[in-house]
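# Coordinate analysis (summary)
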Amino acid sequence: MNRKVIISILILLAAVIVALVVIDVMNSRPDKRPDNPYEYSVDQFKSVDSTLIKYEETLDFTFGDLVLRGIAFANDRLYLVEDNFLVIFSTEGKKLAKSPLPESPSCVAASSNGIYIGFTNHIAQYNLDGLLIKSWEPLGDSTVLTSLATQDCFVFAADAGKRRVLKYMTNGELAGSFTGKRDSADLHGFIIPSPYFELAVNSFGELWVVNPGQHAFENYTFDGELRGFWEKTAMTIEGFSGCCNPAQMAVLPDGSFVTAEKGMVRIKVHKASGELLSVVAPPEAFEGETHAPDLAVSPSGDIYALDFERKMIRVFQLKK
Amino acid sequence: MDRKKFINNSGRLVLLGGLAYLTGSIIYQRKVSASGKYVWQIDPFKCTQCGRCATECVKDLSAVKCVHAYSLCGYCDLCGGYFKPNTHKLNTGAESQLCPTGALNRKFVEEPFFEYTIDEKLCNGCAKCVKGCGSFGNGSLHLQIRHDLCQNCNECSISRMCPSNAISRVPIETAYLIKGDFKKPAVSTPK
């Protein structure tokens with residue numbers, strides 16, 4: 001064969017090899033790799049029928065780079081606990097007072113009687129100006145307090161660590177506890193796979209406890225007797241999904257529940273009997289997939305959501 | 001100083017500097033790892049469950065496996081790492097399961113608790129269950145490189161493609177970064 005032809009073939013071969021190497025290297029770049037064939041997607045559940053969204057966001061208060069822990073509403077004021085302060089705001093977002101706390105708080109409740117702040121294993125009572133009145137007796141190492149509610153002369157605390165509800169007198173005396181209904185095939189006591197365990201007392205004086213491992217709302221007497229419950233497991237907007245939802249809960253003046261979920265973060269309103277009433281904020285209103293915003297409700301029905309990702313209080317009101 | 005001397009001295013200096021650097025780095029490595037041996041491992045707090053551990057490992061079946069931090073898990077009936085999203089029934093039927101290879105098994109303990117285990121002969125490290133567990137559960141399922149399977153390549157091919165730089169060499173004394181024992185480094189926040 002002609003020497004020129006051989007050289008041409010060799011040059012062509014070399015060019016092909018170089019081209020293949022270049023293509024391979026280019027395709028090996030992380031941004032050039034194919035999409036994840038094992039993608040875990042819940043996108044289909046993130047879209048919400050716009051007619052269900054009956055609230056609009058009307059105001060935001062931002063807090064910079066703080067570690068926020070919880071929020072409560074009482075006496076026309078917002079009580080916010082962060083690491084390691086209690087901060088009191090007006091409903092317009094004006095800071096009224098700031099008091100140091102001895103350690104990192106986990107939850108807060110407020111009423112006209114005072115402010116109750118839950119730390120990991122004890123509660124402390126503050127007056128409405130944020131001054132410490134009394135620190136209550138600690139409850140032991142495995143206690144993890146996640147939610148507080150007050151009603152008249154009682155303070156109820158949700159202990160996720162020991163899966164129980166504690167009943168205190170407002171002077172700090174422990175008046176009892178209960179671990180949920182267990183003697184029925186479909187009830188198993190409180191199932192708390194992670195530290196999300198909520199309770200609230202509504203305007204009719206009913207104690208409602210979220211059983212997050214069952215996606216259930218359980219209504220108890222103040223002595224721990226189960227009066228009724230409803231549950232709804234679904235990834236669709238009508239129900240709750242994951243191991244521990246709803247992760248946050250508050251009650252509206254008419255007795256319906258405002259719920260916030262983790263995983264697929266969304267805020268909804270359910271009737272006291274469980275049916276979905278409306279959507280306050282769909283998943284697209286939030287960043288991240290982990291933290292459910294803590295919730296507080298005003299007597300007029302405005303919803304205050306403490307967005308842990310954006311570090312702000314977001315105010316939602318019924319659309320006019 | 002003439003030019004020849006200058007070049008000679010410069011050469012000696014560079015050689016000496018190189019030797020000092022080499023000695024220093026060896027001493028540093030000895031300090032970090034008593035045995036001086038390093039292995040590849042995944043930081044579970046950096047991992048974003050991109051799926052590349054399943055597709056980029058040089059092994060036919062990836063050396064990356066899902067592991068379960070038993071101390072963190074509530075073992076519940078609603079495991080988001082076990083079930084497909086919005087599955088109709090919470091049973092062990094194949095049509096309910098999230099894992100593409102059926103590697104995640106669960107065993108009934110007592111109502112409503114289950115124990116979840118991973119069949120490593122089937123697990124391909126795709127992290128689908130890890131994503132489900134982290135999003136809707138408590139994050140007890142996570143990925144680790146199994147050193148009985150890993151070839152400890154000079155350059156880990158998964159590490160090269162990892163979008164979150166979650167894979168790095170760690171001293172062999174701490175070859176596994178299991179959640180629970182291994183905690184996310186604390187980030188200080190300004191007040």
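Residues numbered from 1 in each chain as written. Chains lettered and ligands numbered in written order. Predicted model: local features only at pLDDT ≥ 70, side-chain atom pairs only at ≥ 80, totals over all residues.

### A look at the overall build of chain A
In terms of regular secondary structure, chain A is built from one helix and 24 strands. Relative to a compact globule of 320 residues, whose C-alpha radius of gyration would be 20 Å, chain A shows 26 Å and is clearly more extended. Projected onto the principal axes, the alpha-carbon positions of chain A cover approximately 105 × 50 × 50 Å. For chain A, with 320 residues in total, the buried portion stands at 39%. Pairs at least 24 apart in sequence give 46% of the contacts found in chain A among residues at least 6 apart. (Helix = DSSP H or I, 4+ residues; strand = E, 2+ residues; numbered from the N terminus. Rg over C-alpha atoms; globule rule 2.2 N^0.38 Å. Buried ≥ 20, exposed ≤ 12 C-beta atoms within 10 Å, placed from the backbone. Contact = placed C-beta atoms within 7 Å.)

### A few points about the interface of chain B and chain A
Counting from both sides, the interface comprises 27 residues of chain B and, opposite them, 25 residues of chain A. At the level of secondary structure, the elements contributing two or more residues to the side of chain B that touches chain A comprise helix H2 (52-56) and helix H3 (128-136) of chain B. By residue class, the composition of the side of chain B that touches chain A is 14 nonpolar, nine polar and four charged. (Nonpolar A, V, L, I, M, F, W, Y, C, P; charged D, E, K, R; others polar.)

### Quick word on helix H1 (residues 3-27) of chain A
It helps to recall that an α-helix has 3.6 residues per turn; residues three or four apart then point in one direction. The end-to-end C-alpha distance of H1 of chain A is 36 Å, a good match for the 36 Å that 25 residues give at a rise of 1.5 Å each. The element H1 of chain A is barely covered by neighbouring structure, given that only zero of its 25 residues are classed as buried. (Expected span 1.5 Å × (residues − 1).)

### Let's talk about the domain arrangement of chain B
For interface size, the figure often reported is the accessible area lost on association. Split by domain assignment, chain B resolves into domain 1 (1-32) and domain 2 (33-174). Computed from C-alpha atoms alone, the centre-to-centre distance between domain 1 of chain B and domain 2 of chain B is 45 Å. (Domains from an automatic or database assignment.)

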